[in-house]
Each structure stands twice: as C-alpha cells, then as structure tokens.
Amino acid sequence: MALDDDHHAGEGNTLVLGGGGVAGIAWMTGLIFGLSERGLDPHRFNRIIGTSAGAVVAVMIAASLTLEEHYQRQVLTALQVREVEPPPDAVSRLLQVFGEFVGDVDSPVERARRLAAMAPVGGEAERLDVIANRLPSRDWPVRPITLVAVDADSGEPRLFDRNSGVDLIDAVAASCAVPGIWPPVKIDGRRYIDGGVRSSDNADLAEGAAHVLIISPVGLDGPATFGRDLSDQRRKLEENDTKVRIICPSESSRLAMGSNPLATGTRTAAAEAGRSQALQLRDCSVLQFDALH
C-alpha cells in the first residue's frame with residue numbers, strides 16, 4: 001500500500017465516506033447537512049477518508065463553503081454542475097462484464113489490470129473537467145482528508161492527501177474512475193482507477209482511530225463486487241477496540257437514489273432524502289461524535 005506523509009494510524013474521530021455515484025454524493029451531502037442541523041459538526045473529525053463519491057464529499061466538507069451551500073448545489077437545478085451521464089444500462093453492463101471478464105480472478109494485480117482495460121464511456125480531459133466543476137476549490141483543503149484510489153498496474157491502493165504532491169482534481173478523478181465507465185487517471189506516469197475496486201468504503205483504513213463514523217451509500221447489504229465487505233471491515237475495527245457507527249440509506253433514501261447511481265436526475269431527490277433521514281434519525285448515539293475527542 002502506498003502511504004503518503006500525512007497518512008498515519010488515526011487518533012480521535014475518523015469519518016469514512018463511501019462510494020455511490022452522483023446519487024451517493026447527493027445523499028451524503030444531504031445527510032451530513034441534516035446531521036449538522038442536529039448538532040453533529042463534521043469539521044470536528046480529526047480525519048476524513050473518502051472513496052469515489054466519498055472523495056468528492058470529503059473535499060466539500062473540508063472546503064470553505066457552508067454545508068447548506070453544498071446542499072443547495074445538490075437540490076437546486078440551477079446550481080447543479082454539469083455531469084456526463086453514461087447510458088442507462090452502463091452499470092448493469094459493467095457488472096455483467098465484470099462477472100465474465102474479472103469475476104474469477106483472485107490476484108488483485110490482475111483484477112486491477114483487467115478492470116483498467118475495460119473501455120470507458122468518455123475521454124480523460126472531459127472527465128477531469130467534470131470533476132473540477134464538482135469541487136468548491138481546486139486547492140487541497142487544510143483539513144486532513146485522505147482520498148483512496150487503486151494503482152491499475154500493481155493493484156495496490158494509493159492514498160492521496162495534501163502532502164502527496166498531486167493535483168487535487170487528479171486525485172479526486174482517480175478515486176472516482178469507475179472502470180468501464182470512466183477512463184483511468186494518469187498521475188506521475190501511473191494509471192489509477194476507482195478506490196471502490198478495493199472496497200466501496202475502505203473503512204479498514206481508519207485502523208487506529210478511537211471512533212469511526214461510516215457513511216455508506218452502498219450499505220451493509222450492498223454487493224461487495226469489487227472488494228472487501230463492510231461488515232468484515234467493521235468487525236476488524238471493533239476487534240481492535242475502535243467504536244464504530246454506520247449510517248446507510250434508509251428505505252426512502254434508497255428509493256430516492258434509484259437503481260442507477262450515475263443518473264444525474266436523482267440528485268435533488270437523493271439530497272432531500274438524505275437530509276430528511278438525518279433529521280428523523282433515532283440513533284442519537286451518532287450525534288455524540290461531536291463530543292468525543
């Protein structure tokens with residue numbers, strides 16, 4: 001695993017944000033805004049780990065805009081950024097091809113290489129432009145965030161942070177480079193693909209933290225198509241005395257997010273559902289993270 005200078009065994013609280021496409025970005029944004037309205041300040045986390053959609057939301061949280069402003073950028077059509085939407089059946093075709101082309105391969109290296117070889121929908125320049133428009137700033141935030149991608153040639157995870165010497169847009173695009181949908185991202189002569197190839201959430205990277213809050217658009221019951229199961233990651237964290245809490249989409253949130261996480265038309269409904277879910281959350285222990293150090 002390639003670890004950059006700012007990555008270390010965490011202390012205090014870590015927020016883990018998982019993958020889930022544009023619908024996942026919207027849902028997490030609404031959820032986090034709703035949690036903040038109930039008293040949970042996401043800026044109090046010592047570290048944020050973001051994978052794919054979670055990488056985008058991690059940058060949002062750490063940036064200068066308010067959580068309400070980020071929320072409005074999801075729910076108001078006039079403020080929504082332009083997205084390149086793949087064909088409606090792109091995700092289902094990806095899963096089918098994965099089963100035929102990659103599903104029986106045990107080697108992480110060979111899996112990553114095969115996934116990177118799958119033909120993308122769009123070009124790299126266009127994709128980088130989309131990522132840049134999603135972000136509130138093109139500069140790395142001061143707050144500690146870690147963005148997860150996978151090296152397409154070694155199969156190893158790469159953790160990008162402000163000390164990596166890597167452009168923020170490149171790092172986010174690499175973490176979001178869903179194989180077969182978006183092209184791999186070239187950084188320093190190497191190709192990187194979506195961090196979800198390793199795990200939709202990569203919660204195990206929070207090892208060493210005292211408390212971990214995982215916000216997972218895929219959830220505990222989602223298919224571990226590419227990587228490690230979230231239930232296993234939670235168990236391993238808890239075996240090392242880490243206190244873990246997980247928030248997954250409620251039934252109404254799942255309906256709002258729809259069956260295609262890359263469908264841009266889901267953003268308003270998904271963000272509103274996320275906020276509503278947070279405001280109706282009965283497990284108030286989640287809100288106690290703001291008091292933990």
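For every chain, the first residue of the written sequence is number 1, and numbering continues from 1 onward in sequence order. Thresholds applied to this predicted model are a pLDDT of at least 70 for local features of residues and 80 or more for the giving and counting of side-chain atom pairs; totals over whole chains, interfaces and linings are not thresholded and use all residues. Neither water nor hydrogens contribute to the side-chain values; these are computed over all heavy atoms in the structure.

**Notes on the UniProt feature "active site" (unreviewed entry) in the protein**
As annotated by UniProt and renumbered to match this structure, "active site" (unreviewed entry) occupies Ser52 and Asp194. The largest pairwise C-alpha distance within this set of annotated residues, which runs over 143 residues, is 6.1 Å, so the set is compact in three dimensions. For helices the rule is a DSSP run of H or I covering at least 4 residues; for strands it is a run of E covering at least 2, with both sets numbered from the N terminus onward. Take Ser52: it is sitting in the loop between β2 (47–51) and α2 (53–62). A relative accessible area of 9% means that Ser52 is categorised as buried. Ser52 has contacts with Gly19, Ser175, Cys176 and Asp194, leaving out every residue within four places of it along the chain. Turning to its location among the elements, Asp194 is positioned in strand β6 (residues 190–194). Every residue pair with non-hydrogen atoms within 4.5 Å of one another is taken to be in contact. Filtering out sequence-adjacent residues up to four positions away, Asp194 remains in contact with Thr51, Ser52, Ala149, Val150, Ala174, Ser175, Cys176, Ala177, Val178 and Pro179. UniProt positions are given in the numbering used here, feature names are shortened, and annotations may be inferred rather than shown by experiment. Note on exposure labels: buried denotes an accessible area under 20% of the residue type's maximum, exposed denotes more than 50%, and partly exposed covers the range between, all computed with a 1.4 Å probe on protein chains only.

**As for the nonpolar core**
Side chains of a nonpolar character, in soluble globular proteins, are inclined to be buried together. To qualify as a nonpolar core, a set must consist of buried Ala, Val, Leu, Ile, Met, Phe, Trp, Tyr and Cys residues joined through side-chain atoms within 4.5 Å. Counting 56 residues, the largest nonpolar core has Leu17, Leu35, Leu147, Phe160, Val172 and Ile215 as the members making the most contacts within it. When neighbours within four sequence positions are excluded, Leu147 is seen to be in contact with Gly50, Ala55, Ala58, Val59, Trp140, Arg158, Leu159, Phe160, Leu168, Ala171 and Val172. Core analysis: the second largest hydrophobic core is formed by 15 residues, Leu115, Ala116, Ile193 and Leu262 among them.

**Focus on the pairing of strand β4 (residues 157–160)**
Of the two faces of β4, the one carrying Pro157 and Leu159 and the one carrying Arg158 and Phe160 are both buried. Being paired, for any two strands, means DSSP has found at least two bridges between them. Alignment of strand β3 (residues 145–151) against β4, held across 4 bridges, turns out to be antiparallel. By the bridge assignment, Val148 is partnered in β4 with Leu159. Counting the residues in the hairpin turn of β3 and β4 gives 5 residues, including Gly155, whose phi is positive at 75°.

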